[in-house]
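# Inside the fold
Here are the chains, one letter per residue:
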Amino acid sequence: MSNTGQLGSTTTNEVSEGLRSLPSGFEVGKRTLGVIWMNKRARVGIIILAFFVGMGVLAPWLSPYAPDNATFARNQGVSAAHWLGTTGAGEDVLSQIMYGTQISLLVGLVAGGGVSVIAVIVGLTAGYLKGWRTDVINFFINLFLVIPSLPLMIVITTYVPGQGILVIIAVIAFTGWAAGSRVLRSQTQTLRSRDFIDAAIFSGEGRLRILFREIMPNMTSLIAASFFGAATAAIGAEAGLSFLGLGDLSTISWGTMLYWAQNNNALLTGQWALLVAPGLCVALLATSLALINFGIDAVSNPRLRESTS
């Protein structure tokens, strides 16, 4: 009896030692960020993204003028007072670029997050369930994959009342989840046959707990990659819809700047900065998110991590 008690105490101590040796969540996050930072392309992406975040956050203090201040001479060229000239309405282009950063970052963060949430819920559910329920979910995934996203967004945005930025974010989230959910569905189908999932089922864990506490943590890098991909697409989609005049034209964003530049024939009047600057900002911000995705890939694939060290 005493030997049995001693054995149980020894086993408990070993388990306790093992739990204490596990890295904490802070240490795991620190190592993950370190792996991402070691990737050269991801490092460049983080620096570019930090530049735009700083410009958007500090826009009220850094911009030389208010973005809607239309008291200047119209269609001015580049000068010391206006580094990127003025618009056809007499507004400072540089100030509008700085404030427009806030809209693009907001769209990327909120729409990318919304797309990722929908993709996770649909993908995990489709991958874990079996039978006719999976077939129904797969039908809608394939349906949204077949329908071209941009025409669908144009149609929905045109007929939805109120063309504010929230409508555009909702439309992007509604139309952009299918690709990410398909990837997560395939990974879930692979994980659901693992031993630890069978052990969770036999121990009586509920379906939701298995999905979001057992399976989802094993797909963190995929979900992060899905978020950055969705944010990149959302920033481009917002700029495209606003350029077509489907957004709120009273809101100052890079897309609405391109819309007004086209309407005012910016190239014909020599206002090249009004057209080039917002387009270049959209391209650089989207590129930064794409570059960060290389670091996310290195987290999930050790071979890529070794090649970048």
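Residues numbered from 1 in each chain as written. Predicted model: local features only at pLDDT ≥ 70, side-chain atom pairs only at ≥ 80, totals over all residues. Heavy atoms only, no water.

## As for a nonpolar patch on the surface
A grouping of Val-78, Leu-267, Trp-272, Val-276, Leu-280 and Leu-284 is seen on the molecular surface, where their side chains present a nonpolar patch of about 590 Å² in accessible area. Residue classification places Val-276 among the partly exposed residues on the basis of a relative accessible area of 43%. (Patch = residues over 30% accessible without salt bridge, like charges linked within 9 Å, V, L, I, M, F, W, Y side chains within 5 Å. Areas by Shrake-Rupley, 256 points an atom, 1.4 Å probe, with all protein chains shown as cover. Salt bridge = Lys/Arg side-chain N within 4 Å of Asp/Glu carboxyl O. Buried < 20%, exposed > 50% of the residue type's maximum accessible area, 1.4 Å probe, protein only.)

## Concerning the packing of aromatic side chains
Across all of its chains, the model carries eight aromatic pairs by this definition. Seen in terms of ring centroids, Phe-139 and Phe-140 are 5.4 Å apart; in terms of plane orientation they differ by 75°. Their pairing is edge-to-face. Taken together, a centroid distance of 5.4 Å and an interplanar angle of 75° make the contact between Phe-227 and Phe-228 edge-to-face. By relative accessible area, Phe-227 is classed as partly exposed at 22%. (Phe/Tyr/Trp six-rings, centres within 6.5 Å; stacked < 30°, edge-to-face > 60°.)

## Considerations on the confidence of the model for the protein chain
For the protein chain, the average pLDDT comes to 85, and 89% of its residues sit at 70 or higher. Taken element by element, the protein chain is modelled with least confidence in helix H1 (residues 2-21), mean pLDDT 54, and with most confidence in helix H3 (residues 40-57), mean pLDDT 94. (pLDDT = per-residue confidence, 0-100. Helix = DSSP H or I, 4+ residues; strand = E, 2+ residues; numbered from the N terminus.)

## Considering the packing of helix H6 (residues 132-146) against helix H9 (residues 178-191)
Two elements in contact, H6 and H9, have axes whose closest approach is 9 Å; the angle formed by their N-to-C orientations is 135°. On the basis of their axis angle, the class for H6 and H9 is oblique. For H6 against H9, the interelement crossing comes out left-handed. Residues Asn-138, Ile-141, Asn-142, Phe-144 and Leu-145 of H6 touch H9, and the partners they reach there are Ala-178, Ala-179, Ser-181, Arg-182 and Arg-185. Taken together, the residues of the contact of H6 with H9 break down into five nonpolar, three polar and two charged. (Axes fitted to C-alpha atoms, helices over the stretch in contact; angles between N-to-C directions. Parallel < 35°, antiparallel > 145°, perpendicular 65-115°, else oblique. Left-handed = near helix turned anticlockwise from the far one by under 90°. Contact = heavy atoms within 4.5 Å. Nonpolar A, V, L, I, M, F, W, Y, C, P; charged D, E, K, R; others polar.)

## Here we look at the environment of Arg-31
With respect to the helices and strands, Arg-31 occurs in helix H2 (residues 25-38). Along the primary structure Arg-31 and Val-299 are separated by 268 residues, whereas in three dimensions their C-alpha atoms are 9.4 Å apart.

## Brief notes about the packing of H3 against helix H5 (residues 93-128)
Helix packing geometry: the angle between the two helix axes and the distance between the axes. Following both chains from N to C, one finds H3 and H5 inclined at 110°, their axes separated by 8 Å at the closest point. The orientation of H3 with respect to H5, classified from their angle, is roughly perpendicular. When the axes of H3 and H5 are compared, the crossing they make is left-handed. On the side of H3, the interface is formed by Leu-49, Phe-52, Val-53, Met-55 and Gly-56, while H5 contributes Ile-97, Met-98, Thr-101, Gln-102 and Leu-105. In terms of residue class, the contact of H3 with H5 is built from seven nonpolar, three polar and no charged.

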